[in-house]
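Here is how the chains run, residue by residue.
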Amino acid sequence: MKAATAFAAMAVLWLCPAQVAVAQAQAQARTESSARATLRGTVRDGYGSPIAAAEVLVDGGTLRARSDDDGNYVLRDLPIGVVSLTARRLGYEASARRVRVADGRATADWILVPAATQMRAVSVTARRQVSDQRLEGFRARLDKKPSGYLLSRDQIEQSAGRSFTDLLRRVPGLRVQPEGRNGTAVLLRGKGCSPIVFVDGYASSIGSFDFASIDLHMVEGVEVYPSASSMPAEFFSARGVEKCGAVAIWSRPAQPRIPVRNANAISTHEEITAVLERAAAFMSDDVEQTARILDGGPDVSYPDGLWRSGVSGEATLEFVVDTTGRINWKTLSVVSSTHDAFATAVKEALVESRWEAAVRGGTRVAQIVQLPVYFSRVAESPAELPAQELAR
């Protein structure tokens, strides 16, 4: 009996290392199976523009992420190893690939190709002619780069100034200083007197001028000339006060008012997706007659500053045209754009556009529209412009 008991004890001692090894292997397997990783990347089109609201998802699973306005996405909680993924976006062909995820993180960038559901691209090759004669001379001087200091609307927006006096403080050779209790004096370098101020081409003041009263959002351009020798002839005054220099302020022309501005393209895309799922709107390949724009539009204007700089690019906008041929402005979003100014130019053109509703089964229906617009000073059509040129 004692011998049997001793033998059993020895067997237990002999089996313990094996059991420990099995337990360790099982624990390691559980750890590896529970190890998770994060995948980051961008989703762009063939011209390098970020695509907003694109989905990157694990095939056969529930894990998914959506790209932001800059095309960036983060897919978390992925298993370690090789993962099958798909990137997709309404209006683009889906792209599938296998990605190896290791060391807790990985990167995967995507390029999506437009699907046939997009409208035929609009090509913009020239800026709109100046309809406001007040600005004709100012625009001409911007192109010629005279001896004065000129600020276009684009430069004003890039300055991030909160007021007109903030903008003037950034002008070389211009000194802005307090005057009295609430006033502001503006002097040119080496001058002891205030410059003459022109507003829309008319001499407004000699001496003190309330620059703080100018709404920066209403200014199209500014010209600063330090002396009479650098000043255009149209700014000479019969009063002979050009020796103090001149500041010319040009107000903006009337701007088309966009009914609704949706800065968040992702929430707008979700709204469009919901409309599509409810069959309240259709894609172009689901209708017999697609929604079409009337009067040969849209009349898109090439942003003046980008045109002068020779910058090419593109913008693709998404929206729903309802059964009455009107744009549902709540659904308007930017799918991709190489420059914000290009997207804004398309939005402003859409305000004036007129549409004919799509037809399905003999009945007018709402349709989701994706409108790509290409901007180039040299190409006659988007196909003639290399992708790398548009991506500049």
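So, a few notes on the structure that sits alongside this text.

## Concerning the overall build of the chain
(1) Moving on: What the chain contains, in helices and strands, is eight helices and 23 strands.
(2) Moving on: Of the contacts formed within the chain by residues at least 6 apart in sequence, a portion of 69% connects residues at least 24 apart.

## Re the pattern of salt bridges
(1) Moving on: Under the definition given, this model contains 15 salt bridges.
(2) Moving on: Residue Glu55 is joined to Arg64 by a salt bridge in which the shortest nitrogen-to-oxygen separation is 3.5 Å.
(3) Moving on: The class for Arg64 is partly exposed, based on a relative accessible area of 41%.
(4) Moving on: The salt bridge involving Arg88 is made with Glu55; its shortest N-O contact spans 3.0 Å. Of this pair, Arg88 sits in strand β5 (residues 81-89) while Glu55 sits in strand β2 (residues 55-58), and the two are 33 residues apart along the sequence.
(5) Moving on: On the accessibility criterion, Arg88 (37% relative accessible area) is partly exposed.
(6) Moving on: Taking the relative accessible area as the measure of exposure, Glu55 reaches 14% and is therefore buried.
(7) Moving on: One salt-bridge network, in which partners are shared between bridges, spans Glu55, Arg64, Arg66 and Arg88.

## Looking at the side chain of Arg89
(1) Moving on: Within the secondary structure, Arg89 sits in strand β5.
(2) Moving on: In this structure the side chain of Arg89 is engaged in a polar contact, spanning 2.6 Å, whose partner is the side chain of Glu318.
(3) Moving on: Apart from the residues within four sequence positions on either side, Arg89 is in contact with Ile51, Ala52, Ala53, Ala54, Leu112, His269, Glu318, Val335 and Gln370.

## Comments concerning the sheet that holds β5
(1) Moving on: If you trace the four strands from one edge of the open sheet to the other, you get β3-β2-β5-β6, paired in antiparallel fashion. Across the chains shown, the open sheet's two edge strands, defined by having one partner strand only, are β3 (64-66) and β6 (92-101). The average undirected angle you get between the axes of adjacent strands in this sheet is 20°.
(2) Moving on: Looking at chain direction, β2 and β5 are connected through four bridges and run antiparallel. The residue of β5 that forms the bridge with Val58 is Leu85.

## Structural notes on the sheet that holds strand β23 (residues 367-375)
(1) Moving on: The strand order across the open sheet formed by four strands is β9-β23-β18-β19, and the pairing between neighbours is mixed. Here the strands that pair on one side only, and so sit at the sheet edges, are β9 (122-124) and β19 (327-337). Neighbour-to-neighbour, the strand axes of this sheet turn through a mean angle of 25°, independent of strand direction.
(2) Moving on: In terms of strand pairing, β9 meets β23 through three bridges, oriented parallel.

## Observations regarding the nonpolar core
(1) Moving on: Residues Val300, Phe319, Val346, Leu350, Trp355, Val373 and Phe375 are the most contacted members of the largest nonpolar core, which totals 32 residues.
(2) Moving on: Of all the secondary-structure elements, those providing two or more residues to this core are β9, α6 (304-309), β18 (313-321), β19, α7 (340-351) and β23.
(3) Moving on: Among the elements that make up this core, the one with the highest residue count is α7 (seven residues).
(4) Moving on: Those residues within four positions of Trp355 in sequence are excluded, and the remaining contacts are Met119, Ala291, Arg292, Ile293, Leu294, Phe319, Val321, Gly325, Ile327, Leu350 and Val369.
(5) Moving on: Listed in part, the 22 residues of the second largest apolar core include Val56, Ala87, Tyr92 and Val335.

## Regarding the packing of aromatic side chains
(1) Moving on: Per the stated rule, a full pass over the model turns up ten aromatic pairs.
(2) Moving on: Where Tyr302 meets Phe375, the ring centres are 5.4 Å apart and the plane angle is 80°; that geometry is what we call edge-to-face. Highlighted residues: Tyr302 in the loop between β17 (292-293) and α6 and Phe375 in strand β23, separated in sequence by 73 residues.
(3) Moving on: Classification of Tyr302 by relative accessible area gives buried; the value is 1%.
(4) Moving on: Consider the rings of Phe342 and Phe375, whose centres lie 4.3 Å apart with planes at 20°: the pair is stacked. With Phe342 in helix α7 and Phe375 in strand β23, the pair connects residues that are 33 residues apart, well separated along the chain. Accessibility assignment for this pair places Phe342 and Phe375 in one class, buried.
(5) Moving on: Taken together, the ring pairs in this structure connect Phe138, Phe198, Tyr225, Phe235 and Trp250 into an aromatic cluster.
(6) Moving on: The side chain of Arg97 reaches across the aromatic face of Trp110, ending 4.8 Å from its centre.

## Some words on unusual backbone geometry
(1) Moving on: In the Ramachandran plot, Ala53 falls in the positive-phi region, its phi being about 65° despite a non-glycine side chain.
(2) Moving on: Note on placement: Ala53 falls in the loop between β1 (36-45) and β2.
(3) Moving on: Unusually for a residue other than glycine, Asp200 sits at a positive phi of about 55°.
(4) Moving on: As for its position among the elements, Asp200 is in the loop between β13 (196-199) and β14 (202-205).

Quick notes on the rules
Residue positions are given per chain, counting from 1 as you read along its sequence in written order. The model is predicted, so local features are restricted to residues of pLDDT at least 70 and side-chain atom pairs to those at 80 or more, both for listing and for counting; the totals for chains, interfaces and linings are taken over all residues. Here the side-chain values reflect all heavy atoms present in the structure, with hydrogen atoms and water set aside. A run of DSSP states H or I qualifies as a helix once it reaches four residues; a run of E qualifies as a strand once it reaches two. Both are numbered from the N-terminal end. The contact rule is simple, with two residues in contact once any of their heavy atoms fall within 4.5 Å. Salt-bridge detection follows one rule: a side-chain nitrogen of Lys or Arg within 4 Å of a carboxyl oxygen of Asp or Glu. Partly exposed residues are those whose accessible area sits between 20% and 50% of the maximum for their type, while under 20% is buried and over 50% is exposed, using a 1.4 Å probe and protein chains only. By the criterion applied in these results, polar contacts are pairs of N or O atoms within 3.5 Å in which, for protein atoms, one can donate a hydrogen and the other can accept it, and in which residues neighboring in sequence qualify only through two side-chain atoms. The pairing criterion is simple: DSSP has to find at least two bridges between the two strands. Comment: axis = line fitted to C-alpha atoms, over the contacting stretch for helices; angle = value between 0 and 180 degrees taken between N-to-C directions. Put simply, buried Ala, Val, Leu, Ile, Met, Phe, Trp, Tyr and Cys residues joined by side-chain atoms within 4.5 Å make one nonpolar core. Here the aromatic set is Phe, Tyr and Trp, taking the six-membered ring for Trp, and pairing holds for ring centres within 6.5 Å; pairs whose planes are under 30 degrees apart are stacked, those over 60 apart are edge-to-face, and all others are tilted. Both a distance and an angle decide whether a charge sits over a ring: NZ of Lys or CZ of Arg must be within 6 Å of the ring centre and within 35 degrees of the ring normal.

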